[in-house]
Amino acid sequence: MNKTRQADLGTPASHAADTVTVEIDGLPATVKAGSSILRAARESGVDIPKLCATDSVKPFGSCRLCLVEIDGRKGYPASCTTPVEAGMKIRTQTEALSKIRRNVMELYISDHPLDCLTCSANGDCELQDMAGAVGLRDVRYGFDGENHLDAPVDTSNPYFQFDASKCIVCSRCVRACDEVQGTFALTIDGRGFQSKVSAGIGESFLDSECVSCGACIQVCPTATLMEKSIVDHGLPDHKVVTTCAYCGVGCSFQVEMKGEQVVRMTPHKDGQANHGHSCVKGRFAWGYASHRDRVMKPLIRENTSDPWREVSWDEAIGYAAKRFKEIQAEHGRKSIGGITSSRCTNEEVFVVQKLVRAAFGNNNVDTCARVCHSPTGYGLNMTLGTSAGTQPFDSVMDADVIMVIGANPTVAHPVFASQMKRRLREGAQLIVVDPREIGLVRSPHIQAAHHLPLQPGTNVPVINALAHVIVEEGLVNEDYVRERCETDSYEAWKAMILKPENSPEEVAKVSGVDAETIRAAARLFGKAKNGAIYYGLGVTEHSQGSTMVMGMANLAMATGNLGRSGVGVNPLRGQNNVQGSCDMGSFPHELAGYRSVADDSVRNQFENHWGVTLDPVPGFRIPNMFDAACAGEFKGMYIQGEDLAQSDPDTHHVEAALSSMECIVVQDLFLNETAKFAHVFLPGTSFLEKDGTFINAERRINRVRPVMKAQQGKDEWLITQELSAAMGYPMHYDNAAQIMDEIAELTPTFTNVSFTFLDEVGSVQWPCNDDAPMGTPIMHIDQFVRGKGLFVETDYEPTKERTNRKFPLLLTTGRILSQYNVGAQTRRTANNVWYGEDLLEVHPHDAETRGIRDGELVALASRKGDITLRAKITTRVKPGVVYTTFHNPETGANVVTTEYADWATDCPEYKVTAVQIAPASHRSGWQEEFAARAKQQGKIVETN
Ligand code: SF4
Ligand code: SF4
Ligand code: SF4
Ligand code: FES
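Residues numbered from 1 in each chain as written. Chains lettered and ligands numbered in written order. Predicted model: local features only at pLDDT ≥ 70, side-chain atom pairs only at ≥ 80, totals over all residues. Heavy atoms only, no water.

Colleague: What am I meant to see in the pairing of strand β34 (residues 857–862) here?
Modeller: Relative to strand β35 (residues 866–873), β34 runs antiparallel, the two sharing 5 bridges. Across the sheet, A861 pairs through a bridge with D866, a residue of β35. Here β34 folds back onto β35, and the loop between the two strands holds 3 residues. Looking at chain direction, β34 and strand β37 (residues 913–919) are connected through 5 bridges and run antiparallel. Residue A859 lies in a different strand from β37, and its bridge partner there is A918. (Pairing = 2+ DSSP bridges. Helix = DSSP H or I, 4+ residues; strand = E, 2+ residues; numbered from the N terminus.)

Colleague: Please clarify how the packing of helix α10 (residues 374–383) against helix α19 (residues 545–558) should be interpreted in this entry.
Modeller: Taken N-terminus to C-terminus, the directions of α10 and α19 make an angle of 40 degrees; their axes are 8 Å apart at the nearest point. Relative to α19, α10 is oriented oblique. Crossing hand, α10 versus α19: right-handed. Contacts from P375, T376, Y378, G379, L380, M382 and T383 in α10 reach G545, S546, V549, M550, A553, N554 and M557 in α19. In terms of residue class, the contact of α10 with α19 is made up of 8 nonpolar, 6 polar and no charged. (Axes fitted to C-alpha atoms, helices over the stretch in contact; angles between N-to-C directions. Parallel < 35°, antiparallel > 145°, perpendicular 65-115°, else oblique. Left-handed = near helix turned anticlockwise from the far one by under 90°. Contact = heavy atoms within 4.5 Å. Nonpolar A, V, L, I, M, F, W, Y, C, P; charged D, E, K, R; others polar.)

Colleague: Sorry if this is basic, but what is going on with the environment of V704 here?
Modeller: Mapping V704 onto the fold places it in strand β30 (residues 700–704). Between the C-alpha atom of V704 and that of P307, which follows or precedes it by 397 residues, the distance is 36 Å. When residues no more than four places from it in sequence are discounted, the contact partners of V704 are T242, T243, F687, K690, D691, G692, T693 and F694.

Colleague: Can you walk me through the site of ligand 3 in this structure?
Modeller: Lining the immediate surroundings of ligand 3 are C244, Y246, C247, V249, G250, C251, F253, C279, K281, G282, P414 and V415. When contributions to the shell around ligand 3 are tallied by element, the ones reaching two or more residues are α7 (280–284) and α12 (414–426). The class makeup of the residues in the shell around ligand 3 is 9 nonpolar, 2 polar and 1 charged. (Near = heavy atom within 4 Å.)

Colleague: How do you make sense of the environment of S14 when you look at a structure like this?
Modeller: Secondary-structure assignment places S14 in the segment before β1 (19–24). Along the sequence, S14 and Q819 sit 805 residues apart, while their C-alpha atoms lie 36 Å from each other. Residue contacts for S14: discarding those within four places in its chain leaves K32, A33, G34 and S35. A polar atom in the side chain of S14 sits 3.1 Å from the backbone nitrogen of A16. Polar side-chain contacts of S14 include one of 2.5 Å to the backbone oxygen of A33. (Polar contact = N/O pair within 3.5 Å; in protein donor to acceptor, adjacent residues only side chain to side chain.)

Colleague: What should I look at first to understand the layout of surface pockets in this one?
Modeller: A water-sized probe rolled over the atoms picks out the places where empty space is left. Size it by volume and the second largest pocket reaches roughly 1000 Å³. Taken together, 39 residues make up the lining of the second largest pocket; nearest its centre are V211, V411, I816, L817 and R876. Put simply, the parts of the chain that give the lining of the second largest pocket at least two residues each are α11 (409–412), α12, β19 (442–443), β33 (839–842) and β36 (881–885). In terms of residue class, the lining of the second largest pocket is built from 18 nonpolar, 12 polar and 9 charged. (1 Å grid on protein atoms, 1.4 Å probe; cavity = no way out; pocket = protein on both sides within 12 Å on 5 of 7 lines; lining within 4 Å. Points joined across faces, edges and corners; volume = space filled by probe spheres on them.)

Colleague: What's the story with the site of ligand 2 in this structure? I'm lost.
Modeller: In the vicinity of ligand 2 there are 14 residues, among which C167, C170, S171, C173 and C220 approach most closely. The residue makeup of the shell around ligand 2, split by class, is 10 nonpolar, 3 polar and 1 charged.

Colleague: Even after reading the chapter, I still don't get the sheet that holds β1, so can you show me in this structure?
Modeller: Two orientations exist for strands paired in a sheet by backbone hydrogen bonds: parallel and antiparallel. Across the sheet, which stays open at both edges, the 4 strands sit in the order β2-β1-β4-β3 with mixed pairing between neighbours. A strand with exactly one partner marks an edge of an open sheet, and here the two such strands are β2 (27–32) and β3 (69–70).

Colleague: Just checking my understanding: could you explain the sheet that holds strand β5 (residues 153–154) for this structure?
Modeller: Overall, antiparallel pairing links the 3 strands, which are arranged β5-β6-β9 in an open sheet. Each end of this open sheet is capped by a strand with a single partner; those strands are β5 and β9 (225–227). Pairing analysis gives 2 bridges linking β5 to strand β6 (residues 160–163), with the strands arranged antiparallel. Within the sheet, the bridge partner assigned to V153 lies in β6 and is D163.

Colleague: Sorry if this is basic, but what is going on with the nonpolar core here?
Modeller: If you look at soluble globular proteins, the nonpolar side chains tend to sit buried side by side. Counting 70 residues, the largest nonpolar core has L186, L225, I402, M420 and L430 as its most contacted members. Residues in contact with L225, not counting those within four places in the same chain, are F160, Q161, F162, C173, F205, C216, I217 and C220. Ranked by size, the runner-up nonpolar core spans 66 residues in total, among them V597, W610, L682 and I743. (Core = buried A, V, L, I, M, F, W, Y, C linked by side-chain atoms within 4.5 Å. Buried < 20%, exposed > 50% of the residue type's maximum accessible area, 1.4 Å probe, protein only.)

Colleague: Would you mind going over the packing of helix α13 (residues 459–472) against helix α17 (residues 515–527) with me for this structure?
Modeller: To characterise two packed helices, one gives the angle between the axes of the helices and the distance between these axes. Closest axis-to-axis distance for the α13/α17 pair is 8 Å, and the angle between their directions is 65 degrees. You can see that α13 and α17 cross each other, and the crossing is right-handed. In this structure, α13 contributes A465, L466, V469, I470 and E472 to the contact, and α17 contributes I518, R519, A521, A522, F525 and G526. Looking at the contact of α13 with α17, its residues break down into 8 nonpolar, 1 polar and 2 charged.

Colleague: Hey, could you run me through helix α3 (residues 126–133) in this one?
Modeller: Each full turn of the α-helix corresponds to 3.6 residues, which orients residues three or four apart in the same direction. E126, L127, M130 and A131 are the residues of α3 that are buried. Buried residues of α3, viewed axially, fall in a sector of 140 degrees; they line one side. One or two positions beyond α3, positive phi appears at G135, with a value near 75 degrees. (Arc of directions from axis to C-beta.)

The following block contains the structure:
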């Protein structure tokens with residue numbers, strides 16, 4: 001059997017608390033009540049043959065291979081569909097059973113190509129295993145009868161194929177698509193001998209609704225659904241368990257290797273965030289790690305107009321340190337800074353912030369969370385006392401009403417979306433607050449109870465109106481509020497929320513959501529036994545992002561929806577390690593664990609450990625760095641794995657700031673947009689080479705394990721350590737584990753964390769310390785981290801960005817399933833087949849009045865700049881709103897976004913830009929300049 005195959009217990013686990021004892025083949029077995037006989041047997045080490053059952057989907061009972069005999073029962077019940085009962089006496093191996101099983105297998109094999117020796121699944125095929133297990137030697141029927149051996153192979157999907165000739169119509173794939181993924185893309189067409197698996201209505205996989213999650217491939221017992229990488233390279237011979245490098249769900253994967261080569265990524269069943277499921281990005285889009293664009297040697301250049309020169313690591317690091325020291329000598333200690341990356345490990349991030357604080361001697365460190373979830377940190381800390389989400393993902397399975405605000409989980413957090421959809425199919429109710437009709441509003445077997453299609457920028461009045469109804473209609477959980485929250489703050493908030501301007505009727509005028517819908521949604525949420533809020537960047541990336549986060553926390557406190565399973569305020573974090581990069585002390589005012597640099601006792605602890613004096617004054621945030629650069633006061637930056645030039649708003653301003661600096665050091669896999677302004681390029685490592693940890697959206701610390709050594713010759717933490725030494729502050733780590741040991745020593749919420757501990761327990765959610773030795777899945781159980789919950793008044797202040805006659809539409813932005821963030825990784829994979837360029841969604845009415853046609857170029861102009869992209873005409877957006885993604889640098893979506901930002905954290909207001917659109921015939925001026933610059937950059941790189 002294939003060495004990387006994961007154990008399969010036949011049917012899903014029972015969640016019953018009770019156990020029952022049965023006898024299997026004469027031996028006692030105690031299992032959970034409700035377990036199938038098949039599972040009970042497998043848990044007891046007895047492998048009953050099976051084909052149509054697998055432990056990730058409900059049993060179906062079609063193959064008749066798993067039959068057993070039970071004392072006192074007639075016939076041969078299927079063990080997969082028969083639950084255990086106390087005292088049952090079960091026989092799994094008898095003459096009669098063997099004969100039936102051989103007959104069943106004989107029928108399967110007579111309609112199966114006998115090409116085992118050349119089949120890509122040879123050695124990893126359950127049909128082959130079962131033929132062996134039942135002792136099938138001959139097929140009496142011959143192979144000349146009617147069969148499916150000439151059925152065509154569908155190779156349309158870039159990552160997997162469907163070879164219908166090998167299908168045994170067990171329907172595992174159909175059930176996985178329905179139950180695990182929730183897409184319902186597959187059906188069994190026809191009856192009896194004619195029955196076959198069909199994607200959509202007889203479409204190819206590529207043209208169907210399939211979202212390439214791979215769940216069907218994982219359950220297929222034959223080579224019918226098979227990864228092309230396995231067809232091309234053969235089966236793996238070993239595996240390493242690690243964590244996905246894409247989104248904040250933090251799925252665990254087995255990286256399956258053949259020698260030195262990765263041949264497959266399989267979601268890990270023991271993964272506590274994903275329970276064996278995945279999405280197209282994590283499972284398939286890993287080819288970027290070996291893409292030809294990856295830079296493998298350090299590069300330097302005097303000026304950004306010079307050609308890059310390949311140099312040794314010593315020369316590159318020495319050159320960077322020399323230029324940084326010269327800048328500090330001339331312009332002062334605070335004239336340089338660093339940016340940490342939410343795609344790097346905690347250990348890599350920790351050393352970069354330490355480099356800035358200890359070697360640069362200032363606090364000019366910030367992270368890309370500035371531009372996504374910094375309001376989450378601020379808002380949840382203010383109200384509840386900690387800068388993180390409150391629940392594990394599994395908590396959604398106990399929710400009765402789920403409110404999704406400014407998030408699109410099916411594209412941005414797909415594995416969590418599948419879990420949420422499972423709960424919704426079980427009967428939980430859904431409220432969606434989003435300007436667009438996101439997929440969740442209406443999908444197979446799911447219909448949102450209420451969709452509040454608000455105008456971009458009006459989150460705060462809408463959350464206030466929801467709270468207004470809850471207070472006005474007596475739906476506040478008074479006992480909870482009295483016991484758990486600060487009474488004065490509650491009274492002040494209540495007075496604010498009951499003001500007439502917060503009534504649904506008034507809010508309808510600004511938000512565009514009718515008052516009755518707001519009232520109905522508020523009643524549904526207010527009366528829920530367990531009401532849970534999930535939100536994303538549609539909440540935070542606003543001028544009142546922090547206000548809105550506090551507004552949601554207020555609502556959750558008022559309705560008593562915090563501190564147990566099924567409830568909570570849950571940020572859906574974008575990048576794989578955005579939680580970790582914040583936890584590690586990447587903000588200019590906070591050391592690891594969100595402790596103020598201005599606090600002497602905190603600073604002293606770090607000073608004693610690091611042997612330096614630290615600056616007590618908070619440093620620059622990213623926008624401050626840019627402003628200071630434009631003013632000639634900030635001259636150098638060390639940028640770890642972050643493409644500021646593409647991802648930050650108001651591109652013209654960002655480019656002006658980057659161009660004005662004297663030394664920019666970029667550490668990344670690829671020469672990204674920011675590298676066009678850089679003087680030193682230090683090649684980074686992919687997740688396949690990293691040793692460390694990522695922290696997902698549920699505060700889960702997951703191990704990241706290397707499957708190969710650093711391909712460019714150096715671990716990233718070591719690069720930073722060497723730069724620090726060259727700057728005059730040596731660090732002394734021998735490996736990443738020692739960095740985590742230091743994090744644990746200096747961060748009270750991480751005290752018990754170490755690589756050894758994580759390797760033992762799999763993963764753990766912080767806080768993990770003496771008070772919570774096995775971590776803390778649910779926060780704020782008996783009391784809030786800050787003690788009593790604080791209600792904060794959330795008066796609405798409209799954004800300064802307004803529509804007018806010249807810019808009458810509102811642009812808002814988001815993501816697509818197949819691409820990820822700035823696209824640096826996914827654009828270098830076959831995922832482009834689904835979405836090769838950013839499109840502008842326009843409502844048919846807005847398109848028609850402007851003469852814009854689907855698929856044609858359209859000019860998009862704001863007060864900040866203009867770009868051109870293709871139109872997609874759709875009713876997903878409402879009239880007056882247009883929408884695009886920001887995955888392609890040549891689109892330049894941020895050329896049009898503004899400088900407006902969240903009042904508390906400076907998180908940019910990406911989600912609201914007043915724009916005008918018109919048909920266009922050519923690309924914009926900025927896009928032409930971009931193309932010229934890209935060409936020049938490509939031409940001047942010396943590759944020796
Ligand atoms: S890859 Fe996923 S979405 Fe596509 S058919 Fe298979 S299970 Fe369904
Ligand atoms: S494709 Fe695989 S899982 Fe689906 S019915 Fe055929 S053999 Fe079973
Ligand atoms: S859901 Fe997120 S973490 Fe999981 S596989 Fe997809 S991108 Fe990776
Ligand atoms: S495995 Fe039980 S009937 Fe197929």
